[in-house]
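So you can see what is in the structure, the chains are spelled out below.
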Number of protein chains: 2
Amino acid sequence: MIETRDRILDAAERLFAERGYAATSLRSIMAEAGVNVAAIHYHFHSKESLLEAILLRRLDPANRERLSALEDYEASVVDGRLEVDRILEAFLYPTFRMAADPASGGYTFIALLGRLQAESDLLPNIVFSRLGPVLLRFADALGRALPDLPPSELFLRARLAMGAAAQVLRDAPHIHSLTQNGAGNGSLPHWESLMERIIPFLSAGFRVPHHGGAELGFLPEITQFQPAALPLQENR
Amino acid sequence: MIETRDRILDAAERLFAERGYAATSLRSIMAEAGVNVAAIHYHFHSKESLLEAILLRRLDPANRERLSALEDYEASVVDGRLEVDRILEAFLYPTFRMAADPASGGYTFIALLGRLQAESDLLPNIVFSRLGPVLLRFADALGRALPDLPPSELFLRARLAMGAAAQVLRDAPHIHSLTQNGAGNGSLPHWESLMERIIPFLSAGFRVPHHGGAELGFLPEITQFQPAALPLQENR
DNA sequence: GTCTATAACTTGATAGAC
DNA sequence: GTCTATCAAGTTATAGAC
C-alpha cells in the first residue's frame, strides 16, 4: 500500500503544478490525497515545507543524471573540442525523459518546476542550492565549447535557453500524453524527437558570433543564477 | 490629481507583478493605493475584473505599435525577401521600450505579463483574444521569411522564442533601473542594446534548417496560441 | 464616489482523543 | 499516525450611511 506521506506528496505536486502554489489550499490537497488536514501538518509541518519536500524528492536524482551525462560526454571527447549540442543534450535529456515518464509522476514535477521558475520569489532556496552548482558546471562546459564568448553573453544566452526550454516543459503533461499515445517520429518516442528539434534551435543561438558591444552591468546576479530581486517600492 | 481608479490600477499592477495574482490580496492593494477596500469593488466589481482592466489598459496600445512596426517594415522591403531579425525586432521593440519606460509603470506591466504567461490558466481570455491575432500576424510574416519551415516547426520555434524573451522580460524592473542609471553600450540605452543581443540568438534558432522529422501531433493547439490545458485528474 | 461596518467564508495551523 | 474539533486570522464581497 502506498504510504500516506507519498500520497500527500503526489497530490500536492499535481495541484501545485496545475493551479500554482499560492492558489492551492491544503484542504484541496487533503481532498485529492484522501487524507486528513492534520496529516499534512503532521508529516510536513507547514505548507512551505511541503513544497520543499516535493522539490527535494526529485531534484537530486535528476541532477545526478545530468552531471553524469555531462561527465560521460566530456570523457568521450578526445580532441578537447566540446560540442554545444551535446552539452545541451546532457542537460535536457534527463529533463525530457522525466517529462514523459509513464511510471512516476515525473511529468507533473517538470511542469511544476516550469511554473515555479516564473514565480522566482516562491522558489525556495533549495532549488538554487541544489540546481545552482549544476548550472554553473554546465556553464563552465559551455564556456569551454565557446571560448570566444564573454561570460556575460554566455549567461544571458543560458538564461534565454532556460526560458525557452521551460516554456515547452510547462506542457509536460501534454508531452507525456502524446508519448503515451505513441506519437513520435517512427523510431523515436515523441518526447525524444521533440527534444531533438529544440536542441538545434538553442545551439544555433549559442553559437552566434558575439558582435562587440559593451560588457553590461547585467552580469553580477546572472552569473549566480539567483532569483531576480524586483526593485519595487516595498518588499513583502 | 491622480484618479483613484488609476491609483488602484497602478498599485495592483505592481503587486501582482511582484507577488503573483493569487498571493496578492485586495487589502494589500488597498493599502498600497491608499484607498478603501470598497473603492476597489466599486470600480472593478471583482478581483478578476481588476486583472482584466490592468491588462486591457496596456495591451492594445502595445499591439498597435507592434503591428504598425511590422507593416512599416514590410512596406519598406522591395525584393519581397523578409528578414527574420527585422520581424522579431518589430515585435520586441515596443515590448522592450515599455520594459524600460521611465515615465509610466510600463516595466511593471511587462514583468506582470512575463509572470502571467507562466500561469496560463490565470491568463484571462482577454490576453488571447487581443494578443492571439497579433501573434498569428507575426507568425505569417515569419512563415514568409522562412518558406521551407513547416508550420508545426515554425510554431514550436515561436513558442521557444516567446519563452526565451519572457524569461528576460520578467526582469523588466531590473532592465528599467539599469537604463535609468545610464548603463548601456555608449550610444544605445541599455534596454536597446540588450534587445540587440537577444534578437541574433532567436533569429539563429529560427533560421536553422529543418531536418526531416515527422509532423507531430503537437501542432493543433500551438497554432492557436491557446493556453495549454493540463490533462490532469480533475479541473477546478 | 468614498467611507464604515460587517457578512459569509476560507485559510493555515494546532490541541487532544484515539 | 491518524482522526475530530476548533482557532485566530485573513479572504472576497456587499449593504448602507455620507
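Treat the numbers as computed from the prediction; the structure is a model and nothing was measured. (Residues numbered from 1 in each chain as written. Chains lettered and ligands numbered in written order. Predicted model: local features only at pLDDT ≥ 70, side-chain atom pairs only at ≥ 80, totals over all residues. Heavy atoms only, no water.)

Concerning the packing of aromatic side chains
The criterion, for reference: Working definition: rings of Phe, Tyr and Trp (its six-membered ring) pair if their centres are within 6.5 Å, and the pair is stacked with planes under 30 degrees apart, edge-to-face with planes over 60 apart, and tilted otherwise. Counting from the N terminus, the helices are the DSSP runs of H or I reaching at least four residues and the strands are the DSSP runs of E reaching at least two. Any residue under 20% of the maximum accessible area for its type is buried, any over 50% is exposed, and the rest in between are partly exposed; the area is computed with a 1.4 Å probe on protein chains only.
For the structure on display, the rule yields eight aromatic pairs over all chains. Centre to centre, the rings of phenylalanine 201 of chain A and phenylalanine 206 of chain B are 5.9 Å apart; their planes meet at 75°, and the pair counts as edge-to-face. Of this pair, phenylalanine 201 of chain A sits in helix H10 (residues 190-207) while phenylalanine 206 of chain B sits in helix H10 (residues 190-206), on two different chains. Of the two residues examined, phenylalanine 201 of chain A and phenylalanine 206 of chain B, each falls in the buried class. For the pair tyrosine 93 of chain B and tryptophan 191 of chain B, a centre-to-centre distance of 5.3 Å together with 70° between the ring planes defines the contact as edge-to-face. Residue tyrosine 93 of chain B is found in helix H5 (residues 84-100), and its partner tryptophan 191 of chain B is found in helix H10; the two are separated by 98 residues along the sequence.

A closer look at the packing of H5 of chain B against helix H9 (residues 172-180) of chain B
All names here are of chain B. The criterion, for reference: Angles shown run from 0 to 180 degrees and are taken between the N-to-C directions of axes, each axis being a line fitted to C-alpha atoms and, for helices, limited to the stretch in contact. These descriptions rest on fixed angle ranges, namely under 35 degrees for roughly parallel, over 145 for roughly antiparallel, 65 to 115 for roughly perpendicular, and the rest for oblique. The criterion used for residue contact is that any of the two residues' heavy atoms lie within 4.5 Å. Under the scheme applied, nonpolar residues are Ala, Val, Leu, Ile, Met, Phe, Trp, Tyr, Cys and Pro; charged residues are Asp, Glu, Lys and Arg; polar residues are all the others, including Gly.
Packing of H5 against H9 leaves a shortest axis separation of 7 Å and a crossing angle of 70°. Classified by the angle between their axes, H5 and H9 sit roughly perpendicular to one another. Of H9, the residues touching H5 (which contributes Phe96, Ala99 and Ala100) are Ala172, Ile175, His176 and Thr179. Among the residues forming the contact of H5 with H9, the class breakdown is five nonpolar, two polar and no charged.

Looking at the protein's contact with DNA strand C
Inclusion rule: Residue proximity to a molecule or strand is established when one non-hydrogen atom of the residue lies within 4 Å of it. Here a polar contact is recorded for every N or O atom pair within 3.5 Å, except that within protein the pair must consist of a potential hydrogen donor and a potential acceptor, and residues adjacent in sequence are included only if both atoms are side-chain atoms.
Lining the immediate environment of DNA strand C, one finds Thr24, Ser25, Leu26, Arg27, His41, Ser46 and Lys47 of chain A together with Thr4, Asn36, Ala38, Tyr42 and His43 of chain B. When the atoms of DNA strand C within 4 Å of the protein are sorted by group, sugar and phosphate make up 54%. A distance of 2.8 Å separates a phosphate oxygen of DNA strand C from a polar backbone atom of leucine 26 of chain A. Between DNA strand C and lysine 47 of chain A there is a distance of 3.1 Å, counted from a phosphate oxygen to a backbone nitrogen or oxygen. Those elements giving two or more residues to the surface near DNA strand C turn out to be helix H2 (26-33) of chain A together with helix H3 (37-44) of chain B. The element that contributes the greatest number of residues to the surface near DNA strand C is H3 of chain B, accounting for three residues.

Section: the protein's contact with DNA strand D
In the neighbourhood of DNA strand D, 13 residues make up the surrounding shell, with Thr4, Asn36 and His43 of chain A together with Arg27 and His41 of chain B lying closest. The sugar-phosphate portion of DNA strand D accounts for 53% of its atoms within 4 Å of the protein, the bases making up the rest. Histidine 43 of chain A is positioned with one of its side-chain polar atoms (N or O) 2.7 Å from a phosphate oxygen of DNA strand D. Taking histidine 41 of chain B, its side chain carries an N or O atom lying 3.3 Å from a phosphate oxygen of DNA strand D. Among the elements of the structure, helix H3 (37-44) of chain A together with helix H2 (26-33) of chain B are those that each provide at least two residues to the surface near DNA strand D. Looking at the surface near DNA strand D, its residues break down into three nonpolar, seven polar and three charged.

Focus: the nonpolar core
We apply this condition: Residues grouped as a nonpolar core are buried Ala, Val, Leu, Ile, Met, Phe, Trp, Tyr and Cys residues, joined through side-chain atoms within 4.5 Å.
Judged by nonpolar contacts, the single largest core of 148 residues is most densely connected at Ile29, Leu50 and Phe206 of chain A together with Ile29, Leu50 and Phe206 of chain B. In this structure, leucine 50 of chain A is in contact with Ile8, Leu9, Ala12, Phe16, Leu26, Ile29, Ile40 and Phe44 of chain A, ignoring residues within four places of it in sequence.

These figures come from the coordinates and say nothing about function on their own.
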